[in-house]
Amino acid sequence: MRCAILLLTLLPLAAPAAEPTPEPWHPDGSALCLAPGQTPTSDAQHKLAALLDRMQPVFDGFPSLAEAWDSAAPPLCIEDRGIAARGYLETTSPRIVLRDGLPPGAQALILVHELRHLEQWTRGICLQNGLTMEATARAAFVLEADAAAVTALVAWAEAEAGRDDLWQALRRMPVFADIGATFADRMTSGASVADATASAFDAWYADETRREAYYRAVCSDYLDRLDTSKRLAGTGELPQNYLHEVCRLPAGGGYTCAEPEELPR
């Protein structure tokens with residue numbers, strides 16, 4: 001089955017799965033994107049090169065993110081046309097896109113988040129055609145909760161190493177702040193990294209407004225796809241080992257994650 005990336009433009013972050021944008025992506029894409037190994041020439045490319053330099057300690061500390069980045073080799077792009085999402089991953093091209101105008105710390109934080117989605121995709125853990133609408137929403141929740149939890153983990157580790165720009169950005173960003181606070185509380189109380197990440201995963205689900213917003217957006221996108229493709233609704237369910245496959249620490253090992261008993265319908 002084909003995997004894709006869903007850009008939920010009504011949400012402050014991109015969810016993990018949807019259709020690619022038409023090519024060419026942007027009339028000024030050659031100046032707004034930086035391909036791996038490319039020498040920067042435009043202002044946007046120089047900023048993206050500086051951002052990738054900032055990512056080097058993240059790549060050094062979290063091998064699975066580095067492996068995903070190296071294997072997929074997506075261009076990194078700046079979107080200057082005004083989008084609601086702070087960033088998104090598009091897999092067909094593939095490319096990672098960041099909204100123009102984000103402060104450097106926030107830009108780096110969103111890149112970490114999208115790198116986790118890139119890793120999910122390179123492992124084949126993504127939304128697939130043929131699922132029921134409810135299963136699609138459940139999968140999107142799991143992927144987003146995992147990416148948010150791992151983002152908190154990376155930001156915490158960077159702050160512990162004396163680089164606190166990601167953590168400060170996380171604390172100031174409403175979509176992440178509660179998840180980061182949960183992670184920090186668990187770590188300062190002596191929990192393991194795996195247990196703190198599991199608690200951060202749970203925290204994503206704890207915000208009812210967030211769950212309902214994602215549910216509405218995922219379901220709206222699902223129905224729009226059916227209408228565009230003229231396909232029937234899918235009948236597939238999530239594999240039983242889906243959460244086990246998703247919930248892996250980027251430095252190795254796994255963490256225990258579980259869906260709450262009640263989800264929006």
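For every chain, the first residue of the written sequence is number 1, and numbering continues from 1 onward in sequence order. The model is predicted, so local features are restricted to residues of pLDDT at least 70 and side-chain atom pairs to those at 80 or more, both for listing and for counting; the totals for chains, interfaces and linings are taken over all residues. Side-chain calculation: all heavy atoms of the structure are included, whereas hydrogens and water are not.

A. A look at the nonpolar core. By size, the foremost hydrophobic cluster in this structure holds 77 residues, and its most contacted members are L76, I96, L111, L115, F201 and Y242. Secondary structure elements are defined from DSSP: runs of H or I of at least 4 residues count as helices, runs of E of at least 2 residues count as strands, and each element is numbered from the N terminus. No other element matches helix α5 (residues 133-160), which puts 16 residues into this core. Filtering out sequence-adjacent residues up to four positions away, L115 remains in contact with M55, F59, L65, W69 and I96. We call a set of buried Ala, Val, Leu, Ile, Met, Phe, Trp, Tyr and Cys residues a nonpolar core when their side-chain atoms join them within 4.5 Å. Type-normalised accessible area, obtained with a 1.4 Å probe on protein chains alone, sets the label of each residue: buried when under 20%, exposed when over 50%, and partly exposed for intermediate values. Among the nonpolar cores identified, the runner-up in size contains seven residues, and C33, A44, C77 and Y88 belong to it. Residues are treated as being in contact if the distance between any of their heavy atoms lies within 4.5 Å.

B. Broad picture of the pattern of salt bridges. Salt bridge criterion: a side-chain nitrogen from Lys or Arg within 4 Å of a carboxyl oxygen from Asp or Glu. What the rule picks out here adds up to 12 salt bridges. R95 is paired through a salt bridge with E90; the nearest N and O atoms lie 2.7 Å apart. Looking at R95, the relative accessible area reads 7%, which means it is buried. When the shortest N-O distance is used, the salt bridge between E119 and R116 registers 2.7 Å. Of this pair, E119 and R116 are both found in helix α4 (residues 104-122), three residues apart, which corresponds to roughly one turn of the helix. According to the relative accessible area criterion, R116 is buried, its value standing at 0%.

C. Representation of the pairing of strand β5 (residues 95-99) within the structure. Most of β5 sits out of view: four of its five residues are buried. Paired strands, as defined in this entry, are two strands with at least two bridges between them according to DSSP. Strand direction decides the pairing type here: strand β3 (residues 76-79) and β5, joined by four bridges, are parallel. Of the residues in β5, the one forming a bridge with E79 is R99. Note: strand β4 (residues 87-90) against β5, four bridges, orientation antiparallel.

D. Here's a closer look at the side chain of S64. In this fold, S64 is placed in helix α3 (residues 63-72). When sequence neighbours within four positions are dropped, the list of residues in contact with S64 reads R116, E119, L249 and P250.

E. Quick look at the state of the cysteines. Throughout, disulfides are identified as pairs of cysteine sulfur atoms within 2.5 Å of each other. For the structure on display, the rule yields two disulfides. Between the sulfur atoms of C33 and its disulfide partner C77 the distance amounts to 2.0 Å. On the sign convention where negative means left-handed, the S-S torsion of about 110° between C33 and C77 marks this disulfide as right-handed. Here C33, found in strand β2 (residues 33-34), pairs with C77, found in strand β3; they are 44 residues apart in sequence, far enough to count as distant.

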